[in-house]
Amino acid sequence: MPQRTEAAIRKATRQDLEVGLICADRDGNRIRIDRIDGGLDTASAGTIAYHFLNDELRVQEGIQERSIEQFLKEGWYTAAPGKSL
């Protein structure tokens, strides 16, 4: 049996965050990151803006904005490269 070296789905980290990234929460709600203002280094806070997506990955609601720290605490998940949520 081949050894697994990388999880297909894992909790998002600061290093994962980039515009266009799609993340999901435990309930399967998906979002797309639209803007990141500073804060990708661990020294500063910064903000992140995102939209919720429907099942067809189309924008479902208005833009949401959070601090990056708060966003990460909410427990969003991301898929490994080449995998889907």
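The coordinates are above.
Residues numbered from 1 in each chain as written. Predicted model: local features only at pLDDT ≥ 70, side-chain atom pairs only at ≥ 80, totals over all residues. Heavy atoms only, no water.

## Quick word on the overall build of the protein chain
Turning to step 1, where the next piece is worked out: Helices and strands together make up the secondary structure of the protein chain, namely one helix and six strands.
Turning to step 2, where the next piece is worked out: N-terminal to C-terminal, the α/β element order of the protein chain is β-β-β-β-β-α-β.
Turning to step 3, where the next piece is worked out: For the protein chain, long-range pairs separated by at least 24 residues make up 45% of all intrachain contacts whose partners lie at least 6 apart in sequence.
Turning to step 4, where the next piece is worked out: When the accessible surface of the protein chain is split by element, carbon and sulfur atoms take 46% of a total near 5,700 Å². (Helix = DSSP H or I, 4+ residues; strand = E, 2+ residues; numbered from the N terminus. Contact = heavy atoms within 4.5 Å. Areas by Shrake-Rupley, 256 points an atom, 1.4 Å probe, with all protein chains shown as cover.)

## Quick look at the nonpolar core
Turning to step 1, where the next piece is worked out: Counting 12 residues, the largest nonpolar core is built from Leu 17, Leu 21, Cys 23, Ile 31, Ile 33, Ile 36, Ile 48, Tyr 50, Phe 52, Ile 68, Phe 71 and Trp 76.
Turning to step 2, where the next piece is worked out: For this core, the secondary-structure elements that each account for two or more residues are strand S3 (30-37), strand S4 (47-53) and helix H1 (68-73).
Turning to step 3, where the next piece is worked out: Residues within four places of Ile 36 in sequence aside, it is in contact with Leu 17, Glu 18, Val 19, Thr 47, Ile 48 and Ile 68. (Core = buried A, V, L, I, M, F, W, Y, C linked by side-chain atoms within 4.5 Å. Buried < 20%, exposed > 50% of the residue type's maximum accessible area, 1.4 Å probe, protein only.)

## Structural notes on the side chain of Asp 16
Turning to step 1, where the next piece is worked out: By the element assignment, Asp 16 lies in the loop between strand S1 (9-11) and strand S2 (22-24).
Turning to step 2, where the next piece is worked out: Not counting the four nearest positions on each side in its chain, Asp 16 is found in contact with Arg 10, Lys 11, Leu 21 and Thr 78.

## Re the pattern of salt bridges
Turning to step 1, where the next piece is worked out: Taken as a whole, this structure holds seven salt bridges when the rule is applied.
Turning to step 2, where the next piece is worked out: Put simply, Asp 16 and Arg 10 hold a salt bridge, and the shortest N to O gap is 2.8 Å.
Turning to step 3, where the next piece is worked out: We classify Asp 16 as buried; its relative accessible area is 15%.
Turning to step 4, where the next piece is worked out: A residue is classified by how much of its surface remains accessible, and Arg 10, at 30% relative accessible area, is partly exposed.
Turning to step 5, where the next piece is worked out: For Arg 30, the salt bridge goes to Asp 55, with nearest N and O atoms at 3.7 Å. Taken together, the residues Arg 30 in strand S3 and Asp 55 in the loop between S4 and strand S5 (64-67) connect sequence positions 25 residues apart. (Salt bridge = Lys/Arg side-chain N within 4 Å of Asp/Glu carboxyl O.)

## Details of the environment of Gln 60
Turning to step 1, where the next piece is worked out: Here Gln 60 lies in the loop between S4 and S5.
Turning to step 2, where the next piece is worked out: A sequence separation of 30 residues divides Gln 60 from Arg 30, and the C-alpha atoms of the two residues are 9.8 Å apart.
Turning to step 3, where the next piece is worked out: Excluding anything up to four places from it in sequence, Gln 60 contacts Phe 52, Leu 53 and Asn 54.

## Notes on unusual backbone geometry
Across residues other than glycine, the phi torsion is negative in most instances, and most of the peptide bonds are trans.
Turning to step 1, where the next piece is worked out: In this model, Leu 57 sits at a positive phi of 65 degrees, which is unusual for a non-glycine residue.
Turning to step 2, where the next piece is worked out: Tracing the backbone shows Leu 57 in the loop between S4 and S5.

Note that every value here comes from positions in space, so none of it alone points to a role or purpose.
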